[in-house]
Amino acid sequence: MSYTTYYERRQNINRREAAKLEEVFAGHGVEKPQQLTVRKLRFSYPDREPQSARGTGARAEVSYGICMVDFDGDRIFLQMKYVQRGITYKRLAKLTQEECRKILEGDIEWMRQSRNKLVKGFYLEMKINRLHPASIVETRKSIYRWKSDYICLKWSVRSIRNNGYNFFWKDCYMIQCLDDGAVELNQKQAVTLPRFIESIFRASDDVQEDALAYVL
């Protein structure tokens with residue numbers, strides 16, 4: 001299981017500004033970006049209002065999702081995202097394609113016996129708090145590493161309501177969420193937590209910091 005903690009800033013820019021930013025990166029010797037398409041199945045609670053992704057208030061906000069990278073069945077991850085006072089804490093756990101399909105089909109009892117604490121906690125949220133699949137969001141993005149920061153240019157953000165099967169349909173119809181000509185710019189700056197706080201988040205010694213959590 002992997003984790004990371006960061007501050008995040010977001011804004012929309014136009015494609016000309018995005019191209020100029022890429023020129024600046026190239027001029028400063030920044031490595032070529034990772035080009036990723038991430039499809040995320042978002043989960044929601046039936047009796048709660050939609051939560052803000054910003055998490056700027058004192059109230060902590062927790063969300064779950066399943067992410068698939070580049071439509072690769074061997075790169076599927078369960079994600080838990082915890083946001084409070086502008087700080088994002090994220091955990092990831094690897095899922096097999098078969099395990100993902102079971103979840104989509106409502107077969108979740110196998111998670112009850114999992115040794116992975118994130119998977120087991122996810123099971124309890126689904127079982128007790130009726131967490132359920134809600135929508136699918138697909139993002140095509142470029143990820144730059146700038147010193148200690150990760151800078152993401154989201155060229156396309158599309159979404160569709162989950163129907164239980166379309167998560168694996170590569171060419172399923174989706175609705176564009178960005179305005180025409182817009183690019184979403186995300187900057188993620190690593191946060192170093194005090195050791196005693198970090199120990200609370202980690203919860204076990206099998207959790208390791210991983211850059212993958214920044215890019216999903």
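Worth saying up front: this structure is predicted, and the values here are computed from it rather than measured. (Residues numbered from 1 in each chain as written. Predicted model: local features only at pLDDT ≥ 70, side-chain atom pairs only at ≥ 80, totals over all residues. Heavy atoms only, no water.)

Attention shifts here to the overall build of the chain. Helices and strands together make up the secondary structure of the chain, namely five helices and 10 strands. A burial count over the chain gives 46% of its 216 residues as buried. Look at the contacts in the chain between residues 6 or more apart in sequence, and 69% of them connect residues 24 or more apart. (Helix = DSSP H or I, 4+ residues; strand = E, 2+ residues; numbered from the N terminus. Buried < 20%, exposed > 50% of the residue type's maximum accessible area, 1.4 Å probe, protein only. Contact = heavy atoms within 4.5 Å.)

This brings us to the pairing of strand 9 (residues 182-190). Pairing between strand 1 (residues 2-14) and strand 9: nine bridges, direction antiparallel. Following the sheet pairing, Arg9 is matched in strand 9 by Gln187. Strand direction decides the pairing type here: strand 7 (residues 149-161) and strand 9, joined by six bridges, are antiparallel. Looking at the pairing, Lys154 lines up with Glu184 of strand 9. (Pairing = 2+ DSSP bridges.)

On to the environment of Val69, then. Tracing the chain through its elements places Val69 in strand 3 (residues 61-69). Distance from Val69 to Leu216, taken between C-alpha atoms, is 8.2 Å for residues 147 residues apart in sequence. Leave out the neighbours within four places in its chain, and Val69 touches Leu36, Thr37, Arg75, Phe77 and Leu216.

Under the counting rule described, the total for this entry stands at five aromatic pairs. Ring geometry for Phe25 and Trp146: centres 5.3 Å apart, planes at 50°, overall tilted. Taken together, the positions of Phe25 in helix 1 (residues 15-27) and Trp146 in strand 6 (residues 132-146) put the pair 121 residues apart, joining distant regions of the chain. On the basis of relative accessibility, which here comes to 3%, the residue Phe25 falls in the buried class. With 5.5 Å between their ring centres and 35° between their planes, Tyr64 and Phe122 make a pair best called tilted. Note that Tyr64 is positioned in strand 3 and Phe122 in helix 3 (residues 117-128), a separation of 58 residues in sequence. (Phe/Tyr/Trp six-rings, centres within 6.5 Å; stacked < 30°, edge-to-face > 60°.)

With that settled, consider unusual backbone geometry. A positive phi angle is found at Arg85, which is not glycine, with a value near 50°. Checked against the element boundaries, Arg85 lands in the loop between strand 4 (76-84) and strand 5 (87-95). In this structure, Arg130 takes a positive phi of about 60° despite not being glycine. As for its position among the elements, Arg130 is in the loop between helix 3 and strand 6.

A word on helix 3. When the terminal C-alpha atoms of helix 3 are compared, their 16 Å separation across 12 residues agrees well with the 16 Å that a helix rising 1.5 Å per residue should span. Looking only at helix 3, the buried set comprises Leu118, Val119, Phe122, Tyr123, Glu125 and Met126. Buried residues of helix 3, viewed axially, fall in a sector of 160°; they line one side. Looking at the buried side of helix 3, the elements it contacts are strand 2 (34-44), strand 3, strand 4, strand 5 and helix 2 (97-104). Measuring from the side-chain oxygen of the N-cap residue of helix 3 to the backbone nitrogen of Leu118 gives 2.9 Å; that N-cap residue is Asn116. Count one or two residues on from helix 3 and you reach Arg130, which has phi positive near 60°. (Expected span 1.5 Å × (residues − 1). Arc of directions from axis to C-beta. Polar contact = N/O pair within 3.5 Å; in protein donor to acceptor, adjacent residues only side chain to side chain.)

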